[in-house]
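Inside the fold
What follows is the residue order along each chain.
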Amino acid sequence: MAKMMPHTHIIGTGSSIPKRILSNKDLEGIVDTTDEWIIQRTGIKERRISVKGERESTTDLTTQASVKAIEMASISPKSLDMIVVGTVTGDRMFPSTACMVQEALNAENAMAFDVSAGCTGFLYALSMADNAIQCGTCKNALVVGVDRLSSVVNWQDRGTCVLLADGAGAVVVTSATEQGGILSTHLKSDGKLWELLYSSDGNNHIPKILQGIDIKPFHLRMDGNRLFKRAVGYLSSIANEALEHNSLTIKDIGLLVPHQANIRIIKAVSKNLYIPMERVYTNIHRYGNTSSASIPIALDEANRENMLSKGDHVLFVSFGAGLTWGASIVRWSI
Ligand code: UT7
């Protein structure tokens, strides 16, 4: 008899954000910008910035988000056999954030590694765990998206420093015979476009009101305008690819959870896909762009706000440095 392929179900979500709020007004004192410009062009009102010594390192944020997801999943960390973390801002070059978190969680039976795929890191990580579960090599996995882009921001570049912020989101996935869970994940990259968003040597300038933040010796550089146009096209086409693959239409999607890079990008994608904004989760006004963390933070909030019911279809779409982009459809199991 043919062996039934297991399905990957999300059974727990969690998130963690730093306490320190950086408002648009605060940014007016750092670069030549205005609250009005930032809100109109991006939708961001405030964002969270991690502070050294506050248990807000990449490892700390990841651990806190993971503990919440594991609690919701009602499993022991010892039953995790895989930890995959999507990040580009781990605390160390090596070992991976995943290994640091494995220690913090006492998840001694897991194999642990990081995935570097820019803001699409969470979807890449989710796909790795899903594949391992479908192959039967993994039963329970912890999948995290975390970034502290404040550590690589050029605080003299008004085109980027107003956008980027810190946070972590996590899910626990498990293998089950029941239909549903992750229906498919579609991932793409185009290395020819790496220069639209990359890191280069930085000058470590820290604004007065941000003394105490943890800065790395390189900066993020972005061609925001060109990236914006690519983002809208790629997000829309990959979302349609995922829908077609599963013989679904946009009417079947209960909630779209997009990467939170810019409210104008999100609105343009919602228009292209013909999904009303009431069915699109946004929290960019509160957190800015948290890179790999934005989708799992939004998912955790939507879940805890009871916006998802068992059987609902949730569509994730993301894009970021690489370029990378992707989409995934999940039939909600909790
Ligand atoms: O997570 C994935 C990676 N990130 C993204 O996907 C971001 C994608 N891009 C964007 O979100 C938008 O391109 C930005 C928000 C970055 C910029 O918005 P825009 O509408 O594309 O503005 P722009 O770059 O065309 O700049 C328009 C003007 C320029 O001034 P001039 O040349 O017209 O005089 C900029 O210098 O706005 C100026 N500007 C600002 N003004 C006030 C740029 N940043 C700021 C600022 N405050 N913070």
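See the structure shown above.
Residues numbered from 1 in each chain as written. Predicted model: local features only at pLDDT ≥ 70, side-chain atom pairs only at ≥ 80, totals over all residues. Heavy atoms only, no water.

**Considering the site of the ligand**
Rules: Here a residue counts as near a molecule or strand whenever at least one of its heavy atoms sits within 4 Å of it. Side-chain atoms alone can form a polar contact between residues adjacent in sequence; in general such a contact is a pair of N or O atoms within 3.5 Å, and within protein one must be able to donate a hydrogen while the other accepts it. Accessible surface is estimated by sampling points in the Shrake-Rupley manner with a 1.4 Å probe; for residues, cover comes only from the protein chains shown. Labels follow the DSSP assignment, with helices taken as runs of H or I lasting at least four residues and strands as runs of E lasting at least two, numbered in each case from the N terminus. Charged means Asp, Glu, Lys or Arg here, nonpolar means Ala, Val, Leu, Ile, Met, Phe, Trp, Tyr, Cys or Pro, and polar covers whatever is left, Gly included.
Lining the immediate environment of the ligand, one finds 23 residues, of which Thr-33, Arg-41, Asn-225, Asn-262 and Asn-289 sit closest. A distance of 2.7 Å separates an oxygen atom of the ligand from a polar atom in the side chain of Asn-225. The fraction of the free accessible surface of the ligand (950 Å²) that becomes covered by protein chains is 72%. Of all the secondary-structure elements, those providing two or more residues to the shell around the ligand are helix H2 (35–42), helix H6 (158–161), helix H7 (224–245) and helix H8 (263–273). No other element matches the four residues that H7 contributes to the shell around the ligand. Considering only residue class, the shell around the ligand consists of 11 nonpolar, eight polar and four charged.

**Description of the side chain of Thr-59**
For clarity, the cut-off: The contact criterion used throughout is that any non-hydrogen atoms of two residues lie within 4.5 Å.
Among the secondary structure elements, Thr-59 is positioned in helix H3 (residues 58–73). A polar contact is formed between the side chain of Thr-59 and the side chain of Asp-91, at a distance of 2.6 Å. Apart from the residues lying within four places of it in its own chain, the contact partners of Thr-59 are Asp-91, Thr-97, Met-100 and Val-101.

**Quick look at unusual backbone geometry**
With omega at 0 degrees, the peptide bond leading from Phe-94 into Pro-95 counts as cis. Locating Pro-95 in the fold gives a position in the loop between strand S4 (82–86) and helix H4 (97–105). Cis rather than trans, the peptide bond between Gly-322 and Leu-323 has omega equal to -10 degrees. Note on placement: Leu-323 falls in the loop between strand S12 (313–320) and strand S13 (324–331). A positive phi angle, near 55 degrees, is found at Arg-55, a position not held by glycine. Examined against the element boundaries, Arg-55 turns out to sit in the loop between strand S3 (46–48) and H3.

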